[in-house]
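# Summary of the model geometry
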Amino acid sequence: VWASRRLLRPLVQVRRAAAAVAGGALDTRLAPPGDSDLDSLAASFNEMAGSLEHRIARDARFASAVGHELRSPLMTLTASMEVLSNNSGELGERGRVALGLLSDDISRFEHLVEDLLEISRFEVGTAELAAEPVDLKDFAQHWISENGSAEIAFACDDSAAPIWADKRRLGQIMSNLVENAIKYGSGNTEAGVEVGVEVGVEVEQTSVRLSVSDHGGGVAPAERDEIFEPFIRGRAGGRRGRDSGTGLGLTLVAEHVSLHGGKVWVDDRSDGQSGACFTVELPRYDPDHE
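### Things to note about the pairing of strand 7 (residues 207-214)
Successive residues of a regular strand alternate their side chains across the two faces of the sheet. Within strand 7, six of the eight residues are buried, leaving the element largely enclosed by the surrounding structure. Count of turn residues in the strand 6 (residues 197-203)/strand 7 antiparallel hairpin: three residues.

### A look at the sheet that holds strand 9 (residues 276-283)
Here five strands make up an open sheet; going across it, the order is 2-6-7-9-8 and the pairing mixed. Bordering the open sheet on either side are strand 2 (152-156) and strand 8 (263-268), each of which pairs with just one other strand. Neighbour-to-neighbour, the strand axes of the sheet open up by a mean angle of 20°, direction not taken into account. Pairing of strand 2 with strand 6, which is carried by five bridges, proceeds in the parallel orientation.

### Comments concerning a nonpolar patch on the surface
Together, Leu 8, Leu 11 and Leu 41 line one region of the surface with nonpolar side chains, adding up to about 250 Å² of accessible area. Along the chain, Leu 11 falls in helix 1 (residues 2-22).

### With respect to the pattern of salt bridges
Throughout the structure, instances matching the rule amount to 12 salt bridges. Between Glu 281 and Arg 209 there is a salt bridge; the shortest N-O distance is 2.8 Å. Here Glu 281, found in strand 9, pairs with Arg 209, found in strand 7; they are 72 residues apart in sequence, far enough to count as distant. Residue class for Glu 281 comes out buried when judged on its relative accessible area of 14%. Residue Arg 209 is classed as partly exposed on the basis of its relative accessible area of 29%. The partner of Arg 224 in a salt bridge is Asp 268, with the nearest N and O atoms 2.8 Å apart. Of this pair, Arg 224 sits in the loop between strand 7 and helix 6 (249-259) while Asp 268 sits in strand 8; the two residues are 44 residues apart in sequence, bridging distant segments of the chain.

### Focus on the packing of helix 5 (residues 167-184) against helix 6
A packed helix pair is summarised by two numbers, namely the angle formed by the two axes and the spacing between the axes. Between helix 5 and helix 6, the shortest axis-to-axis distance is 9 Å and the interhelical angle comes to 145°. Pair helix 5 / helix 6 crosses with left-handed handedness. Here helix 5 contributes Arg 169, Gln 172, Ile 173, Asn 176, Leu 177 and Asn 180 to the contact with helix 6, which in turn contributes Gly 249, Leu 250, Leu 252, Val 253, His 256, Val 257 and Leu 259. Its residues assigned to classes, the contact of helix 5 with helix 6 comprises seven nonpolar, five polar and one charged.

### A word on the environment of Phe 231
Tracing the sequence through the fold places Phe 231 in the loop between strand 7 and helix 6. Once the C-alpha coordinates of Phe 231 and Gly 249 are considered, the two residues, 18 residues apart in sequence, prove to be 8.9 Å apart.

### Here we look at helix 2 (residues 36-86)
In this model helix 2 runs 74 Å from its N-terminal to its C-terminal C-alpha over 51 residues, within 8% of the 75 Å that 1.5 Å per residue would give. In helix 2, a bend of some 30° at Arg 71 exceeds every other bend along the element, and Pro 73, a proline, comes one to four places later. What helix 2 keeps buried is the set Ala 42, Phe 45, Asn 46, Ala 49, Ala 60, Ser 64, Gly 67, Leu 74 and Met 81.

### Section: the confidence of the model for the protein chain
Averaged over every residue, the pLDDT of the protein chain is 82; residues scoring 70 or more account for 87%. Predicted confidence is poor over residues 187-194, with pLDDT under 50, and the contacts of this stretch with residues over four places away or in other chains come to 13 contacts.

### Some remarks on the nonpolar core
Membership of the largest hydrophobic core comes to 34 residues, with the highest contact counts inside it found for Val 199 and Phe 278. Going through the elements one at a time, helix 4 (136-147), strand 3 (162-165), helix 5, strand 6, strand 7, helix 6, strand 8 and strand 9 are the ones with two or more residues in this core. Among the nonpolar cores identified, the runner-up in size contains seven residues, and Ala 17, Leu 26, Phe 45 and Ala 49 belong to it.

The rules behind the values
- Residues numbered from 1 in each chain as written.
- Predicted model: local features only at pLDDT ≥ 70, side-chain atom pairs only at ≥ 80, totals over all residues.
- Heavy atoms only, no water.
- Buried < 20%, exposed > 50% of the residue type's maximum accessible area, 1.4 Å probe, protein only.
- Helix = DSSP H or I, 4+ residues; strand = E, 2+ residues; numbered from the N terminus.
- Pairing = 2+ DSSP bridges.
- Axes fitted to C-alpha atoms, helices over the stretch in contact; angles between N-to-C directions.
- Patch = residues over 30% accessible without salt bridge, like charges linked within 9 Å, V, L, I, M, F, W, Y side chains within 5 Å.
- Areas by Shrake-Rupley, 256 points an atom, 1.4 Å probe, with all protein chains shown as cover.
- Salt bridge = Lys/Arg side-chain N within 4 Å of Asp/Glu carboxyl O.
- Left-handed = near helix turned anticlockwise from the far one by under 90°.
- Contact = heavy atoms within 4.5 Å.
- Nonpolar A, V, L, I, M, F, W, Y, C, P; charged D, E, K, R; others polar.
- Expected span 1.5 Å × (residues − 1).
- Bend = angle between axes of the 7 residues up to and from the residue.
- pLDDT = per-residue confidence, 0-100.
- Core = buried A, V, L, I, M, F, W, Y, C linked by side-chain atoms within 4.5 Å.

Okay, structure coming up:
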């Protein structure tokens, strides 16, 4: 037993270090065990981890640099588009159609650049959380009143839903999930009101959950993890029509939620109806235990 432990202890350390790297801790390194054979293993592992960390940081810096460089011509395109839109009455029918298509693509391009810049901040570790106490129920109600429509229904009990959150990032989580649900979900009629998206807030003992449900075709079980990866839209991506999005919305949701110490996942609706339900779980804020 003593000999086995002595032999396997360095391998356990290697396994833990590999799991840490796989979990995103790219700065994980192994200390030299002091054995000539194992020292070479540790050195090889550290070299591999260093190369991986350097490559990911380089790719993130490249995406950030590209995003910044694209901002200037994008601003020129946007300003030019405003001039053309103000004079669209002078264009023929085909010209107005082409102008509309160009305007949609420039808007999508603008969102793509902003999303790439946001993603790059997470990749290089410069994303910061400007957190403060927030009642998720009040925040969701206010967001819906400011940005929602008759397509959005809200449900929550009267209890407070305190969390420690960055309001800007929380707003982007709401925006991306609701926009995603509107694009994929088909509305149903309740009392003559068209309802396509249902937002709910549920308070647990140690957490608060925000759910966004739609009435679309749902998300296949095989795609429920990968749709949070960049540019992965799943089988429903081809049904969005002209407004295909950037493919980064759910990726940003996952990054924002992770920065808050929470988690996000998608399931089928729990009421048996057709559709998907995205759930964000965030730690509950307790002012007595800051």
